[in-house]
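This is what each chain is made of:
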Amino acid sequence: MGRGGYGLARVPVVVRAGAAPLWWLGVVAAGVGAVPDGLTGRRIGVYAGAALFIVTALVVAYSRVKRYDALARVAARAGKHDVLQSRAVTVRNWRRGHRWWLAAAFLAALGSAFAVPVAGGAVLAGAGAGLWAKAARLGRREQDGDVLLWVRVDWLDRGAGAPAGKAVRAFRTTGPVAGDAAPGGARRRTAVGAR
């Protein structure tokens, strides 16, 4: 970046990037996984899957909450030479960086159906739901503070994820209309470039 600026990605967008693929891969894996009886039987598999969905969603939604809050508290204002990464680029980078992990998780969920039907897919879908919930929580924090939260792109991990990882020392903030993603990371209806 020129003149000391940094590339910045929206924190809720990075968090939310994996939600849709995990959810849909989980739904497909659970649907296909309902076909075999497995070792436990289909009925037990469905009950186990429902319990695992809830537990996984809660664990993902509330993991590292204190870390996110701490980084948000020490957030500094973005500089005028910082470059705001678009939502589409952030999502694409995350999904490209995690594509093999997603494929492996999907195959594992399908394979697990021969032991416990539905359960593996329910875990994936629960992880997706948990990421949506975490992004929504960050969005509420953004709305309460009337700011948007950003993270330096060079502090993300190799898969363009982990916005609260060890390398991240603080978030950056902009005004509530910067970038092209709404609070919480959803697509904004009309993109606004002003900070």
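This text goes with the structure placed above it.
This structure is a prediction, so every number in the text was calculated from the model and none was measured.

(A) Here's a closer look at the packing of helix α3 (residues 42-62) against helix α7 (residues 119-145). In contact at an axis separation of 7 Å, α3 and α7 are set at 30 degrees when each is read in the N-to-C sense. On the basis of their axis angle, the class for α3 and α7 is roughly parallel. The way α3 lies across α7 gives a crossing that is right-handed. Contacts between α3 and α7 pair G45, G49, L52, F53, T56, A57, V60 and A61 from the former with A119, A122, V123, A125, G126, A127, A129, G130, L131, A133 and K134 from the latter. Residue classes in the contact of α3 with α7 are distributed as 13 nonpolar, 5 polar and 1 charged.

(B) Molecular detail of empty space enclosed by the protein. Counted by the stated rule, this structure contains 1 cavity of 30 Å³ or more. Taken as a whole, the largest cavity encloses approximately 30 Å³ of empty space. The wall of the largest cavity is formed by A61, S63, R64, V65, Y68, K134, R137 and L138. Elements represented by at least two residues in the lining of the largest cavity include exactly α4 (65-73) and α7. Looking at the lining of the largest cavity, the element that brings in the most residues is α7, giving 3 residues. Of the residues that constitute the lining of the largest cavity, the class distribution is 4 nonpolar, 1 polar and 3 charged.

(C) Examining the pattern of salt bridges more closely. Counted by the stated rule, this structure contains 6 salt bridges. Linking R10 and E142 is a salt bridge whose minimum nitrogen-to-oxygen distance equals 2.8 Å. Highlighted residues: R10 in strand β1 (residues 7-10) and E142 in helix α7, separated in sequence by 132 residues. Where R152 meets D154, a salt bridge forms, and the shortest distance between an N and an O atom there is 2.7 Å. By relative accessible area, which is 49% here, D154 ends up partly exposed. If you follow the salt bridges from partner to partner, you end up with D69, R137 and R141 in one network.

Scoring rules and cut-offs
- Residues numbered from 1 in each chain as written.
- Predicted model: local features only at pLDDT ≥ 70, side-chain atom pairs only at ≥ 80, totals over all residues.
- Heavy atoms only, no water.
- Axes fitted to C-alpha atoms, helices over the stretch in contact; angles between N-to-C directions.
- Helix = DSSP H or I, 4+ residues; strand = E, 2+ residues; numbered from the N terminus.
- Parallel < 35°, antiparallel > 145°, perpendicular 65-115°, else oblique.
- Left-handed = near helix turned anticlockwise from the far one by under 90°.
- Contact = heavy atoms within 4.5 Å.
- Nonpolar A, V, L, I, M, F, W, Y, C, P; charged D, E, K, R; others polar.
- 1 Å grid on protein atoms, 1.4 Å probe; cavity = no way out; pocket = protein on both sides within 12 Å on 5 of 7 lines; lining within 4 Å.
- Points joined across faces, edges and corners; volume = space filled by probe spheres on them.
- Salt bridge = Lys/Arg side-chain N within 4 Å of Asp/Glu carboxyl O.
- Buried < 20%, exposed > 50% of the residue type's maximum accessible area, 1.4 Å probe, protein only.

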